[in-house]
Amino acid sequence: MSENVSYKGFSGYQNMLIQMNTDLNQVAQVCETLKLEETRKAVLETAEHLRNNIFSVGVVGEFKRGKSTVINALLGQDILPRDIKPCSASLNRVTYDMKPHAEIIFKNGEKKAVPVEEIEDYVTKLTEKSRKLSATVQEARLYYPCAYCRNGVEIIDTPGLNDDDNMTAITFSVLPQLDASIMVISPLSPFSQYEEDFLRSRLLTSDLGRVMFVINMMDLIDEEDQEKSIEYLRERITENVLGKVKATYGEGSKEYMECQKKVGDIHLYPVSAKMALRGKLKDDRRKIEESGYPAFEKGLEEFLTEERGAIVLQVPVNRLKSAIVEITKSIQMRTDALAMDHQEFESRNRETQARIEELRSQKKQELKNISQSAKRASYDIEPEIAAFWERMQEAMVSYVEGMEIMEEDLTRERLDDTQKACMESIETKYKLLLQQQFETIQTRINEMLGDEMLRLGDYEGRFGATMDQIGVSFRPNSEEGGSGGIFGGVMLDVVTAAASNMVFGLGGIVSGFQEQGVKGAVTGGIAGLGAGLAVEAVLAAVAMPITWPMVIGIGLISSFAGRGAVRAIFGSKTPQASVVTVDQFRSALRDSAMSMVEGQKSSRDLERLVDQQINTGFAAIKEKLETETENVLRDTEKTLGDIREQFLQRNMEADQTRRELGELAKMVQAVAEHVKDVDSQINAVLLGR
């Protein structure tokens, strides 16, 4: 097998996926031969997951930023409808297929196949009929033989950020599911309030590393002004990214200081999507180069395959490492047993069964410990929740105090309209603050889970050491503490590395947590840097969805909206005075805002959501520990049972068996060499080395 295999670039990444699937299937065959059924199932499940993997790239932006043109230029074909009017409140998903066709998914769950040329009738607002029809659509899926999507990529066109609240909510909800978000901005109206709000309040800090900024329509700017325009936008983006981190963690925090160092790595690409699309449609290489698209496409490709690819590949790599450990031990035990007589084997088998039961007892206690940690986490986070509501109250008071209120707007004739406008503004601000402030609690939960996984490192070490002792106990006395029998150096390297992270399969990520501190790994997702990928790698390792961090924020907004936001400032009665003073009105606004905060605080929705998420996170860790340890123990028991059966049947043809086991060892050795190389590449990306 070749050395220094690289998964960079779409071609290299696809080849790596093929190789990984080959390795997984080979290892599954070896497991079947050795009757390691639990390990075989886990390996095949991982292979199935890998085969279905696809990169999701979302394009977000305000109306008139050229989002659809950016997508069409990326795909190299004029697929999505382009119009000066906003699109509907639905997602348009472009996926590869040899035959062009489309499918409409309605909000009631129904699906309808439609010709591609009719897609405009369902996803635009070009006519009154299409406007009404589009309101019933949840998502439109376009299947097209475009070269870009053939690389295992789907492109998602999201509703505009500033069209209406429903569309913005749909965009916000899909962001955590994306591998990359392309934010399209314009140099003609650089960085609006909505775009600032999107960066500061709509994105989690950990999401920032997945955003690529595309400055579209650069061809409409005079050449001598282009560089100044780019630098201005870079400064505004940097200012808002830093502002987001400052608002979440504080200006003097470690996270803010680190972000200041790293924020220069923001992905920013000036392009002309229209020029790129024309160039691709006419195969005009000069236009394509002038459009700036090659640099953008290269950056997106590298980001998807290297950084996001590392998250995807670490799961099969660590599954292979874990499987190789079990295969190695099974082959070694079988080989060593050939040198024993039946009585000696039975004696060591009884000792091993006792050790296995002791491991199960320790596992049971460790599961109880995790449950206790979950209860402790719920208790320890209570001060964070109290501080959350204090920050919300302070922020709302500050906002009301800063509102511009004119005396002429408070006459009896205009008071109702003024009241309505002010309350709408306060509600909007409140929702944005909810999304922004909950992140501090989310970060604390992530830290707690990271701490728990580090704590379990001791258990992993004890478990691995006991399993090693079980393997050694079957070696002939003269070989105890020896070189490892029939396995070569690379195999031993992989086995040794995997033994320390057998339960969770986190590889070098755990050491990264230890080097940076849990908080550093959890909150490091600034500007696409490797450290921030660690928390997603951990979520993937314990089979938690990438959308998990959004649960609290989405739940809070939903509970707020469902409750019916705020009471009228003056209730149902209009004051008798002909004019309400500004101070009276502001005081009433402040009381209403405080009532809004107190109402949601007293509902204890936040406590319920936090408890739910803590329990979900710790339950995922428990399930991972239970499943992985039990797989190892059951397969060890099956190996011993198979050896014992051969002894009892007097059916052990020693020379033939040794040869067969040697061939299996060679096969796994080849996989081990490949796994070791890929593992080092992945850890270099995940840990930012």
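Residues numbered from 1 in each chain as written. Predicted model: local features only at pLDDT ≥ 70, side-chain atom pairs only at ≥ 80, totals over all residues. Heavy atoms only, no water.

1. Side note on the overall build of the chain
Spelled out, the test is: Every helix listed is a DSSP run of H or I at least four residues long, and every strand listed is a run of E at least two residues long, numbered separately from the N terminus. Residue exposure (1.4 Å probe, protein chains only): buried if accessible area is under 20% of the type maximum, exposed if over 50%, otherwise partly exposed. By definition, residues are in contact when any of their heavy atoms lie within 4.5 Å. Per-residue and other accessible areas follow the Shrake-Rupley method at a 1.4 Å probe size, with only the shown protein chains counted as cover for residues.
Across its full length, the chain carries 23 helices and nine strands. A total of 689 residues make up the chain; the buried ones form 54% of that total. Residue pairs at least 24 apart in sequence account for 85% of intrachain contacts in the chain once pairs closer than 6 positions are excluded. For the chain, the accessible surface area stands at approximately 29,900 Å², while carbon and sulfur atoms represent 48% of it.

2. What to know about the packing of aromatic side chains
The line we're drawing: Each Phe, Tyr or Trp ring, with Trp reduced to its six-membered ring, pairs with another whose centre is within 6.5 Å; inter-plane angles below 30 degrees give stacked pairs, above 60 give edge-to-face pairs, and intermediate values give tilted ones.
Under the defined criterion, the tally for this structure stands at six aromatic pairs. When the ring of F388 is compared with that of W389, the centres are 4.9 Å apart and the planes differ by 85°; the resulting orientation is edge-to-face. F388 sits in the buried class, given a relative accessible area of 0%. Plain terms: the ring middles of Y459 and F463 are 6.1 Å apart, the flat faces sit at 45° to each other, and that makes the pair tilted. One end of the pair is Y459 and the other is F463, both in helix α15 (residues 415-473) and four residues apart, which spans about a single turn. Judged on exposure class, the residue Y459 and its partner F463 are both buried. Here a set of aromatic residues connected by ring pairs shows up, and it is made of Y269, Y293 and F296.

3. A few points about the packing of helix α3 (residues 67-75) against helix α10 (residues 273-281)
Two measures define how a pair of helices packs: the angle their axes make with one another and the distance between the axes. The condition is simple: Working convention: axes come from line fits to C-alpha atoms, limited for helices to the stretch in contact. Angles between N-to-C directions cover 0 to 180 degrees. Convention used here: angles under 35 degrees read as roughly parallel, angles over 145 as roughly antiparallel, angles from 65 to 115 as roughly perpendicular, and any remaining angle as oblique. Note: crossing handedness is left-handed where the near helix turns anticlockwise from the far helix by less than a right angle, and right-handed where it turns clockwise.
Put simply, α3 and α10 touch, their axes get as near as 8 Å, and they point 30° apart. Between α3 and α10, the crossing angle belongs to the class labelled roughly parallel. Judged by the twist between their axes, the crossing of α3 over α10 is left-handed. Mapping the contact onto sequence places T69, V70, N72, A73 and L74 in α3 and A273, K274, A276, L277 and K280 in α10.

4. As for the pattern of salt bridges
Side chains that carry opposite charge are capable of pairing whenever their charged atoms lie near each other. As a reminder, the rule being used: We define a salt bridge as a side-chain nitrogen of Lys or Arg found within 4 Å of a carboxyl oxygen belonging to Asp or Glu.
All chains considered together, the criterion is met by 35 salt bridges. For E62, the salt bridge identified is with R65, shortest N-O distance 3.5 Å. Residue classification places E62 among the buried positions, given a relative accessible area of 6%. The shortest N-O distance in the salt bridge between E630 and R634 comes to 3.5 Å. Of this pair, E630 and R634 both sit in helix α22 (residues 605-649), four residues apart, which is roughly one turn of that helix. On the basis of relative accessibility, which here comes to 38%, the residue R634 falls in the partly exposed class.

5. With respect to the sheet that holds strand β8 (residues 211-215)
Operational definition: We call two strands paired when DSSP finds no fewer than two bridges between them.
The nine strands are arranged β4-β3-β5-β2-β6-β1-β7-β8-β9 in an open sheet whose pairing can be described as mixed. Both edges of this open sheet fall to β4 (111-114) and β9 (267-270), since each of them pairs with a single strand only. Within this sheet the neighbouring strands show an average axis-to-axis angle of 20°, counted without direction.

6. Quick word on the pairing of strand β7 (residues 180-185)
In terms of residue burial, β7 counts as a mostly covered element, since six of its six residues are buried. Of the pairings in the sheet, the one linking strand β1 (residues 55-61) to β7 comprises five bridges and is parallel in character. Across the sheet, G61 pairs through a bridge with V184, a residue of β7.

7. Here we look at the nonpolar core
Inclusion rule: Definition used in this section: a nonpolar core is a set of buried Ala, Val, Leu, Ile, Met, Phe, Trp, Tyr and Cys residues joined via side-chain atoms within 4.5 Å.
I155, I182, Y293, L300, L304 and I327 are the most contacted members of the largest nonpolar core, which totals 76 residues. With 14 residues, the single largest contributor to this core is helix α12 (residues 293-337). The residues contacting L300, other than those within four sequence positions of it, are V57, L74, Y148, A180, I182 and M212. A374, M453, F585 and V597 belong to the second largest nonpolar core, which has 58 residues in total.

8. Focus: the side chain of T629
Note the following rule: Distance and chemistry together define a polar contact, namely a pair of N or O atoms within 3.5 Å, with one atom able to donate a hydrogen and the other to accept it when in protein, and with adjacent residues in sequence counting only for side-chain atoms on both sides.
Within the secondary structure, T629 sits in helix α22. Residue T629 is classed as buried on the basis of its relative accessible area of 1%. For T629, the side chain forms a polar contact with the main-chain oxygen of E626, separated by 3.3 Å.

9. Comments concerning the confidence of the model for the chain
Under the convention used in this document: Each residue carries a pLDDT score, the predictor's own confidence in it, on a scale running from 0 to 100.
Counting all residues, the mean pLDDT for the chain is 76, and 74% of those residues have values of 70 or more. Within the model, pLDDT remains below 50 along residues 506-534, and this stretch shows 89 contacts once partners closer than five positions in the same chain are excluded. Low pLDDT, under 50, characterises residues 561-568; the predicted model gives this stretch 15 contacts beyond four residues in sequence or across chains.

10. Considerations on the pairing of strand β5 (residues 137-144)
Most of β5 is tucked away: six of the eight residues are buried. Pairing of strand β2 (residues 91-96) with β5 involves six bridges; the strand directions are parallel. By the bridge assignment for β5, N92 is matched with A140. In the sheet, strand β3 (residues 101-106) pairs with β5 via six bridges, with the strands oriented antiparallel. Bridge assignment links F106 to a residue of β5, and that residue is V137.

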